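Commentary on secondary and tertiary structure
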Amino acid sequence: MFVPFDYGYFDIVYDSESISSPPKTLDELINGPKDEKIVIEDPRTSTPGLGMLLWMKAVYGDAAAEKWEVLSDRILTVAPGWSEAYGLFTSGEAPMVLSYTTSPAYHQIAEETERYKAIDFEDGLYIQIEVAGMTEMADDPALAKSFLAFILTPGFQDAIPTHNWMMPVAATSEPLPDAFLNAVTPDKTLQFAPDVVAENRRAWIDEWLNAMSAR
């Protein structure tokens, strides 16, 4: 049994003090200046990394490998997880990072800066929906179900934006902070069906590995 508790969109976040004209499409990102580097995450070990792999596949289909090969010239490094990648970005190692549309909200609220911005890609953005689950081996199924129900109440959902820095999936008792109301919302939401991802994930990751090592 799974219950969604928040959602967001994978996106490229950039440092506006380093980049004045960010890409507006994935093609512009892929073919942009090679000295403006990006840090991404590994799809084998990171949800954002897998999200970008699916994002590229959703936009380019069979041509995704070719696009990855070109983009590889702009990739500073492939980090094992989000924390490592974002740390490199905020320390100034690269002016772009694979993250979420809601990442700038953290900087606006917690650090009172609008330096870091998300890109509103014309191609659309790939959605991530985070879930909580109850296993068949739960010691107290009734209590577990009660907690899953609590997750969708305003009391819990109120904490999502400024604690998990994602969008709530259900009604909140308070309005969202302005930083979230102004966050990038794509005109087109991209998403593969779960069974399509399950069937193709291994092959798509192998395709990515081959493309990244081709240059």
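Calculation notes
Residues numbered from 1 in each chain as written. Predicted model: local features only at pLDDT ≥ 70, side-chain atom pairs only at ≥ 80, totals over all residues. Heavy atoms only, no water. 1 Å grid on protein atoms, 1.4 Å probe; cavity = no way out; pocket = protein on both sides within 12 Å on 5 of 7 lines; lining within 4 Å. Points joined across faces, edges and corners; volume = space filled by probe spheres on them. Helix = DSSP H or I, 4+ residues; strand = E, 2+ residues; numbered from the N terminus. Nonpolar A, V, L, I, M, F, W, Y, C, P; charged D, E, K, R; others polar. Expected span 1.5 Å × (residues − 1). Buried < 20%, exposed > 50% of the residue type's maximum accessible area, 1.4 Å probe, protein only. Patch = residues over 30% accessible without salt bridge, like charges linked within 9 Å, V, L, I, M, F, W, Y side chains within 5 Å. Areas by Shrake-Rupley, 256 points an atom, 1.4 Å probe, with all protein chains shown as cover. Salt bridge = Lys/Arg side-chain N within 4 Å of Asp/Glu carboxyl O. Lys, Arg positive; Asp, Glu negative; His and termini not counted. Charge placed at Lys NZ, Arg CZ, Asp CG, Glu CD.

1. Notes on the layout of surface pockets
Taken as a whole, the largest pocket holds about 380 Å³ of empty space. At the level of secondary structure, the elements contributing two or more residues to the lining of the largest pocket comprise α2 (47–60), β6 (125–133) and α10 (194–212). Looking at the lining of the largest pocket element by element, the count peaks at six residues for β6. Reported here for the second largest pocket is a volume of approximately 260 Å³. If you trace the second largest pocket, you find 14 residues lining it, with Trp82, Tyr100, Ser103, Asn164 and Trp165 closest to the centre. Counting residues per element, the ones that place at least two in the lining of the second largest pocket are α4 (82–90), α5 (103–110) and β6. Looking at the lining of the second largest pocket, its residues break down into six nonpolar, six polar and two charged.

2. Things to note about α2
Under the 1.5 Å per step criterion, the end-to-end length of α2 is 20 Å for 14 residues, consistent within 8% with the ideal 20 Å. Most of α2 is tucked away, with 11 of its 14 residues classed as buried. Looking at α2, one finds that the buried residues are Pro48, Gly49, Leu50, Gly51, Met52, Leu53, Leu54, Trp55, Met56, Lys57 and Tyr60. Directly beyond the C-terminal end of α2, a positive phi value near 60° is found at Gly61.

3. Quick look at a negative patch on the surface
Together, Glu28, Asp120, Glu122 and Asp187 make up a negatively charged patch on the protein surface. Following the sequence through the fold, Glu122 ends up in the loop between β5 (116–118) and β6.

4. Observations regarding empty space enclosed by the protein
Here the idea is plain: a probe the size of a water molecule rolls over the atoms and shows the empty space left. Summed over the entire model, instances satisfying the criterion amount to one cavity of 30 Å³ or more. Of the voids in this model, the largest cavity is the one considered here, and its volume is about 30 Å³. Leu53, Lys57, Ala64, Trp68, Trp204, Glu207 and Trp208 together form the lining of the largest cavity. Every element with two or more residues in the lining of the largest cavity is listed here: α2, α3 (64–71) and α10. Per-element tally for the lining of the largest cavity: the top contributor is α10, with three residues. Within the lining of the largest cavity, the residues separate by chemical class into five nonpolar, no polar and two charged.

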